[in-house]
Amino acid sequence: MLPFKLVYSDDYYLPIGAHVFPAEKYRMIRRRLLAENIAEPSDFVTPAAASDEEILLVHTPEYVHKLKTGTLSSFEEMQMEIPYSAELVKAFWLSAGGSILASRLALQDGLAVNIGGGFHHAFPDHGEGFCMIHDVAVGVKCLHREGKLRRAMTVDCDVHDGNGTAAIFPPRSRAGQPLPSAGAVQTGLRSAHAQLRDSSAGEVDVFTISLHQANNYPVYKPPSSIDVNLPDGTEDEPYLGWLEQALSSALRQFEPELICYIAGADPYEEDQLGGLALTIDGLKKRDESVVHVARSRNIPVMITYAGGYAHHVQDTVTIHCNTVIAAKEVLSRHTGNG
Ligand SMILES: [Zn+2]
């Protein structure tokens with residue numbers, strides 16, 4: 001039995017037909033986790049769909065109305081890059097419910113994995129890049145509303161910039177903090193919208209980190225608290241170095257009560273939509289690194305899956321299953337060390 005829960009539903013499947021997004025990956029991941037005895041049936045918990053009220057903590061009433069009534073414009077549907085249907089709306093409400101549950105379980109148990117979610121390109125008023133609803137933001141705002149969470153950190157390691165996350169949680173000014181060193185990679189602590197956000201008392205404070213390929217979708221990348229714009233072809237070792245530096249810089253500036261780790265499988269060297277060159281081993285080390293940093297500081301961590309478009313879908317499944325294995329191994333090391 002795993003020392004944490006896996007949030008999953010067969011209905012995470014996205015009814016989008018033949019598409020570069022492997023909508024069947026969630027079911028394949030569950031099957032593999034069970035077949036290889038990585039997890040037992042009792043490790044899985046089934047989420048309820050998010051309520052409209054919960055979705056509205058992040059998304060605008062106009063956008064939610066369009067989704068529920070099937071009245072997106074053809075431009076809006078094109079921008080989402082997945083074909084609209086009422087069933088698809090249901091699947092996204094469910095994945096948001098999954099991230100709410102995973103966030104709650106992470107606070108309770110120290111760690112939880114949503115075998116889905118990570119739809120980081122969804123904005124409050126529109127969907128983009130295969131993402132309709134920003135499940136991670138819904139989870140964060142939901143727990144904040146319940147009085148369980150004041151400060152969260154997103155660590156986005158999908159190959160694509162977390163533009164929706166940055167739009168929903170624009171960086172706040174944290175004066176006097178050191179900048180991470182730049183080197184060949186353009187890294188920066190940004191402080192857009194600082195004054196505005198600092199005056200908004202009572203809001204959840206979210207520190208956002210995005211490690212992504214610079215030359216990739218989206219063209220416009222709104223500033224995160226820390227952006228690491230990686231050059232094409234970045235390999236394991238430099239990637240892991242930048243990740244470590246971003247995490248240590250972030251945690252010098254900010255004390256989160258929850259880390260939301262967006263563990264995209266698409267920095268993989270064989271990815272169809274990515275241009276980085278991480279190996280399957282390197283991606284597992286990446287997962288270990290994030291979980292280790294969180295657990296060594298006693299920060300609960302919730303994990304979501306986001307993208308993954310390997311030429312061979314089984315590679316995407318392996319990378320996502322390895323995230324569960326990495327979490328299990330890091331936790332057992334921490335328990336072993338007392
Ligand atoms: Zn991606």
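Residues numbered from 1 in each chain as written. Predicted model: local features only at pLDDT ≥ 70, side-chain atom pairs only at ≥ 80, totals over all residues. Heavy atoms only, no water.

## Notes on the side chain of Ser103
Put simply, the rule is: Segments assigned H or I by DSSP are reported as helices when at least four residues long, segments assigned E as strands when at least two residues long, and all are numbered from the N terminus. Relative accessibility under 20% of the residue-type maximum defines a buried residue, over 50% an exposed one, and the middle range a partly exposed one, all with a 1.4 Å probe and only protein chains included.
One can find Ser103 in helix 5 (residues 86–109). Residue class for Ser103 comes out buried when judged on its relative accessible area of 1%.

## Notes on the packing of aromatic side chains
Cut-off, in case you're wondering: Only Phe, Tyr and Trp rings are paired, with Trp represented by its six-membered ring, and only when their centres lie within 6.5 Å; those with planes under 30 degrees apart are stacked, over 60 edge-to-face, the remainder tilted. Think of it as a cone above the ring: NZ of Lys or CZ of Arg counts as a charge over the ring if it is within 6 Å of the ring centre and within 35 degrees of the ring normal.
What the rule picks out here adds up to nine aromatic pairs. Plain terms: the ring middles of Tyr8 and Phe44 are 6.0 Å apart, the flat faces sit at 75° to each other, and that makes the pair edge-to-face. Of this pair, Tyr8 sits in the loop between strand 1 (5–7) and helix 1 (25–35) while Phe44 sits in strand 2 (residues 44–45); the two residues are 36 residues apart in sequence, bridging distant segments of the chain. Neither Tyr8 nor Phe44 differs from the other in exposure class; each is buried. A connected cluster of aromatic rings, assembled from ring pairs, spans Tyr8, Tyr12, Phe21, Tyr26, Phe44, Phe130 and Tyr309. Here the basic side chain of Arg30 rests over the ring of Phe44, its NZ or CZ set 4.7 Å away from the ring centre.

## Focus on the coordination of the zinc ion
As a reminder of what qualifies: Counted as donors are the N, O and S atoms within 2.8 Å of the metal, or 3.2 Å for Na, K and Ca, while water is not among the atoms, so some sites may look incomplete.
Surrounding the zinc ion are the protein donor atoms Asp158 (OD), Asp158 (OD), His160 (ND1) and Asp266 (OD), at 1.9 to 2.8 Å. Mapped onto the polypeptide sequence, the residues donating to the zinc ion form the spacing pattern D-x1-H-x105-D. Residue His160 is located in the loop between strand 4 (151–156) and helix 7 (163–168), and its partner Asp266 is located in the loop between strand 8 (258–262) and helix 10 (280–296); the two are separated by 106 residues in the primary sequence. A relative accessible area of 6% means that His160 is categorised as buried. A relative accessible area of 0% places Asp266 in the buried class.

## Comments concerning the layout of surface pockets
Put simply, the rule reads: Using protein atoms alone on a 1 Å grid, points that fit a 1.4 Å probe yet trap it form a cavity, whereas open point sets bounded by protein on both sides within 12 Å along at least five of seven lines form a pocket; residues with an atom within 4 Å of a point count as lining. Grid points are joined across faces, edges and corners, and a volume is the space filled by probe spheres set on the points. Put simply, Ala, Val, Leu, Ile, Met, Phe, Trp, Tyr, Cys and Pro go in the nonpolar bin, Asp, Glu, Lys and Arg in the charged bin, and everything else, Gly too, in the polar bin.
In this structure, the largest pocket occupies an estimated 160 Å³ of space. Of all the elements, helix 5 adds the most residues to the lining of the largest pocket, at five residues. When grouped by side-chain class, the residues that make up the lining of the largest pocket number six nonpolar, no polar and five charged.

## What to know about the pattern of salt bridges
As a reminder of what qualifies: We define a salt bridge as a contact between a side-chain nitrogen of Lys or Arg and a carboxyl oxygen of Asp or Glu at a distance within 4 Å.
Overall, the coordinates contain 11 salt bridges when judged by the stated rule. The partner of Glu76 in a salt bridge is Lys66, and the shortest N-O contact between them spans 2.7 Å. Placement of Glu76 in helix 4 (residues 74–80) and of Lys66 in helix 3 (residues 61–69) is noted, with a sequence separation of 10 residues between them. Using a relative accessible area of 15% as the deciding quantity, one classes Glu76 as buried.

## What to know about empty space enclosed by the protein
Applying the stated rule across the entire model yields two cavities of 30 Å³ or more. Taken as a whole, the largest cavity holds about 70 Å³ of empty space. Along the wall of the largest cavity there are 14 residues; nearest its centre are His120, Gly129, Cys131, Gly307 and Tyr309. There is about 30 Å³ of room inside the second largest cavity. Considering the residues around the second largest cavity, the lining is formed by Tyr12, Leu14, Tyr26, Ala91, Ser95, Gly116, Gly117 and Phe119. Partitioning the lining of the second largest cavity into residue classes produces five nonpolar, three polar and no charged.

## Overview of helix 6 (residues 135–145)
Counted residue by residue, helix 6 has eight buried out of 11 residues, so it is predominantly covered. For helix 6, the full list of buried residues reads Asp135, Val136, Ala137, Val138, Gly139, Val140, Cys142 and Leu143. Once helix 6 finishes, Gly147 follows within two positions and takes phi at roughly 80°, a positive value.

## Regarding the nonpolar core
Across soluble globular proteins, you tend to see nonpolar side chains buried next to one another. For clarity, the cut-off: As used here, the term nonpolar core means buried Ala, Val, Leu, Ile, Met, Phe, Trp, Tyr and Cys residues forming a set that is joined through side-chain atoms within 4.5 Å. Should any heavy atoms of two residues lie within 4.5 Å, those residues are considered in contact.
Membership of the largest hydrophobic core comes to 109 residues, with the highest contact counts inside it found for Leu6, Leu33, Ile133, Val155 and Ile209. At 11 residues, the largest contribution of residues to this core is made by helix 5. Filtering out sequence-adjacent residues up to four positions away, Leu6 remains in contact with Leu33, Ala39, Asp43, Phe44, Val45, Val113, Ile115 and Val324.

## Considering the environment of Ile168
Here Ile168 shows up in helix 7. With relative accessibility at 8%, the residue Ile168 sits in the buried group.

## Quick notes on the pairing of strand 8
It is a general feature of regular strands that their side chains alternate between the two faces of the sheet. As a reminder of what qualifies: Paired strands are those between which DSSP finds at least two bridges. Consider the strands pointing away from the viewer: the crossover is right-handed when the path from the first strand over the helix to the second runs clockwise.
With five of its five residues buried, strand 8 lies for the most part within the structure. Across five bridges, strand 4 lies against strand 8 in parallel orientation. Across the sheet, the residue bridging to Met153 is Ile259, located in strand 8. Relative to strand 9 (residues 301–304), strand 8 runs parallel, the two sharing four bridges. Directly across from Ile262, in strand 9, lies its bridge partner Thr304. Assessed by its sense of winding, the connection that carries the chain from strand 8 through helix 10 to strand 9 is right-handed.

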